[in-house]
Amino acid sequence: MKKITFSIFKLVFAFSLLAFMPTEGNSTHLMGSDFTYKCEGAGKFKLILKIYRDCRGVGLGGSANVRIEAPGCGTQTVSAPRIAINDVTPKCVTASGPCSPQNTYGSGKGIEEHTYEVIVDFTKAPYNTWAANGCCKVYFSWQSCCRNGAITTGVGGGFYSYAMLDICNMKASKDTLCNNSPTLTNPPIAFACCNQPFTYNNGASDNKDYDSLSYEMVAALGNSRTNTLPPSAPLTVKSPMTVYCGFGNTPPCTPIPQAKPPIGFFLDPETGDMIFTPTDCSEVGVVAIQVNEWRKDTSGVYKLVGITRRDIQVWVENCDKNNPPVLLGPYAYSVCEGDKLCFDIRSKDDPVVVPPPGVSQTPDTTQLSWNKGIPGATFKIKDPKVRERVGQFCWEPQIGQASSLPYTFTVTAKDQACPRPAVSIRGYSVTVKKRALGERVYDTFPCGKLVFECFPEDGFQGVPKYLWALKDLTQTQIFYTSGSKKDSFRFRRGGTYIAELVLNNSASCPTVYLDTIEIPKFIEVELAVGD
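Reference entry: report on the structure contained in this document. (Residues numbered from 1 in each chain as written. Predicted model: local features only at pLDDT ≥ 70, side-chain atom pairs only at ≥ 80, totals over all residues. Heavy atoms only, no water.)

What follows is about the overall build of the chain. On a plain count of helices and strands, the chain comes out with two helices and 34 strands. Principal axes of the C-alpha set define a box for the chain whose edges measure 115 × 70 × 45 Å. Looking at the 531 residues of the chain, the share that counts as buried comes to 52%. Summarising the internal contacts of the chain: among those between residues at least 6 apart in sequence, 67% fall at separations of at least 24. When the accessible surface of the chain is totalled, it reaches about 23,500 Å², and 52% of it is carbon and sulfur. Positive and negative charge centroids in the chain, built from 53 and 49 side chains respectively, lie 3 Å apart. (Helix = DSSP H or I, 4+ residues; strand = E, 2+ residues; numbered from the N terminus. Buried < 20%, exposed > 50% of the residue type's maximum accessible area, 1.4 Å probe, protein only. Contact = heavy atoms within 4.5 Å. Areas by Shrake-Rupley, 256 points an atom, 1.4 Å probe, with all protein chains shown as cover. Lys, Arg positive; Asp, Glu negative; His and termini not counted. Charge placed at Lys NZ, Arg CZ, Asp CG, Glu CD.)

So, in structure tokens, the structure goes:
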């Protein structure tokens, strides 16, 4: 994750993917929400709403109303019972949870996660008529009357968050009745330090459908999808916080996330990394991020099948007695399908050093974890005894997993600060390149003639490159080489031989084929010429 001194930046994620709650009369307890859904099969979807509550505010009810809307075809509201309450306050090992007693007004400065669930059957009326009537887009929404009065960036008024599912584009793919929303694997509460780099990633992952995800900054919403709430100038939707822009420059400015410290406000459209250096030490802002979910139709064209939003409330504070941990790059890798990739992820946590007679900070030990964003991959700590931990990621993607869009995962680095540890979360990407594959065909003819040809598979990437070699069984003697798709050669005698083909593509992911060839025996005639 990026270095930067942490200010207690309460990143309150208000992400709503399928929920609608009755308008709250007092919403100062509301820190955010996120909404996901799971395909239960046979057209049924489980809607999962999570609401994050400030434990100093009023308690939440035991059920929530989920609103499901298809513009032009109707609106339905269903009640989702609460199934769990969890204290998700970031805290060190020795600190106690502040949200006690549970769901009680004024209990302490902390965050509770309230989870509500309900199952909706899209094969039943009225949902089953919507797509047939041309109402492809289904919205799931959640609303509250009032945003937190502590916000200082001019984003005020109502609170509205939604997610969208496109039934028609879903049915245009091979999975005609199923889609699972991305899972947001990292908690929607974070802390950042003023004048220090901050990196955060939602950890959006789709391990069910393996859909491709992209990210963009969007406006916060008030009372509907069209009631946008941009921040006050000079802040913008794409640069909603007061950030470092370099000497003599003022925000907004062109982001340079790799600068030290990072310049501008940056959101990576492929990994979802959010990187900036906050400079207003008392600012409380709102950041809205949209996650777009893409899937290929039966023609191989990417279609938008869903939208997920997170509405994030951010607190910036001074924390000059602790530096946050940093996750070092590189952050992007590539591998050919069928090959194994391993790389190290290093952390760094510099202690705060002050001149005498002040007392410098005791160096922190970093703890690393990952969100398991790529199924089949592994992540392990190489040496648990060192102070700045190093994780090793390994993955061997299978044939067929090549994609033009990268696979992503996140790593979290946490230090030992108490009562609240500093946390950095960084995304890493792996692009899986297509393997060069083809079918070889061999035909033998009388007198030792062999005709050989390669047929590249459908969807072959780029122009095929061929390198043939006809060898003996020990592969020490080469009889013939060729760079053609199709060629022929006449052996002097029958027997068993090896045909080697190195087939390569524009992705430089070659395949080496070794085929055993039997040449039928034939009579060799040598003519003697007289003097």
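The final tally for this structure, using the stated rule, is ten disulfides. Each sulfur in the disulfide pair cysteine 39 and cysteine 178 lies 1.9 Å from the other. Because the torsion about its S-S bond is -50 degrees, the bridge between cysteine 39 and cysteine 178 counts as left-handed. Of this pair, cysteine 39 sits in strand 2 (residues 30-41) while cysteine 178 sits in the loop between helix 2 (167-171) and strand 9 (183-184), placing them 139 residues apart in sequence. Overall, the relative accessible area of 23% leaves cysteine 178 in the partly exposed class. Here cysteine 136 connects covalently by a disulfide to cysteine 168, the sulfurs 1.9 Å from one another. On the S-S bond that ties cysteine 136 to cysteine 168, the torsion sits near -75 degrees, and the link is left-handed. (Disulfide = S-S within 2.5 Å.)

Before going further, it helps to spend a moment on the pairing of strand 8 (residues 159-166). The element strand 8 is largely enclosed, with a buried count of eight among its eight residues. Of the two faces of strand 8, the one carrying Phe159, Ser161, Ala163 and Leu165 and the one carrying Tyr160, Tyr162, Met164 and Asp166 are both buried. Note that strand 7 (residues 137-144) and strand 8 share eight bridges and pair antiparallel. Within strand 8, the position partnered with glutamine 143 by the bridge is tyrosine 160. Where strand 8 lies against strand 19 (residues 302-317), three bridges are found, and the strand directions are antiparallel. Bridged to alanine 163 within strand 19 is threonine 308. (Pairing = 2+ DSSP bridges.)

Turning our eyes to something else, we now look at the pattern of salt bridges. Evaluated as defined, the whole model comprises 18 salt bridges. Taking the shortest distance from any N to any O, the salt bridge between lysine 137 and aspartate 166 comes out at 3.7 Å. Of this pair, lysine 137 sits in strand 7 while aspartate 166 is found in strand 8, placing the two residues 29 residues apart along the sequence. Given a relative accessible area of 39%, lysine 137 falls into the partly exposed group. With a relative accessible area of 5%, aspartate 166 lands in the buried category. Two residues, aspartate 350 and lysine 348, come together in a salt bridge whose shortest N-O distance is 3.4 Å. For aspartate 350, a relative accessible area of 37% puts it in the partly exposed group. When salt bridges that share partners are traced, they join Asp209, Asp211 and Arg295 into one network. (Salt bridge = Lys/Arg side-chain N within 4 Å of Asp/Glu carboxyl O.)

All right, on to the nonpolar core then. With 29 residues, the main nonpolar core has Phe45, Leu47, Ile68 and Phe122 as its most contacted residues. Ala204, Met241, Met274 and Val314 belong to the second-largest nonpolar core, a separate cluster that totals 23 residues. (Core = buried A, V, L, I, M, F, W, Y, C linked by side-chain atoms within 4.5 Å.)

Ordered by their spatial adjacency, four strands build an open sheet running 31-30-33-34, and the pairing between neighbours is antiparallel. Each end of this open sheet is capped by a strand with a single partner; those strands are strand 31 (478-482) and strand 34 (511-519). Averaged over all pairs of adjacent strands, the angle between strand axes in this sheet comes to 20 degrees, irrespective of strand direction. In this structure, strand 30 (residues 465-471) lies alongside strand 33 (residues 495-504), joined through seven bridges in antiparallel fashion. Looking across to strand 33, one finds that lysine 465 is bridged to asparagine 504. (Axes fitted to C-alpha atoms, helices over the stretch in contact; angles between N-to-C directions.)

Attention now moves to the environment of arginine 420. Mapping arginine 420 onto the fold places it in the loop between strand 26 (407-414) and strand 27 (423-433). For arginine 420, a relative accessible area of 22% puts it in the partly exposed group. Distance from arginine 420 to proline 90, taken between C-alpha atoms, is 6.0 Å for residues 330 residues apart in sequence.

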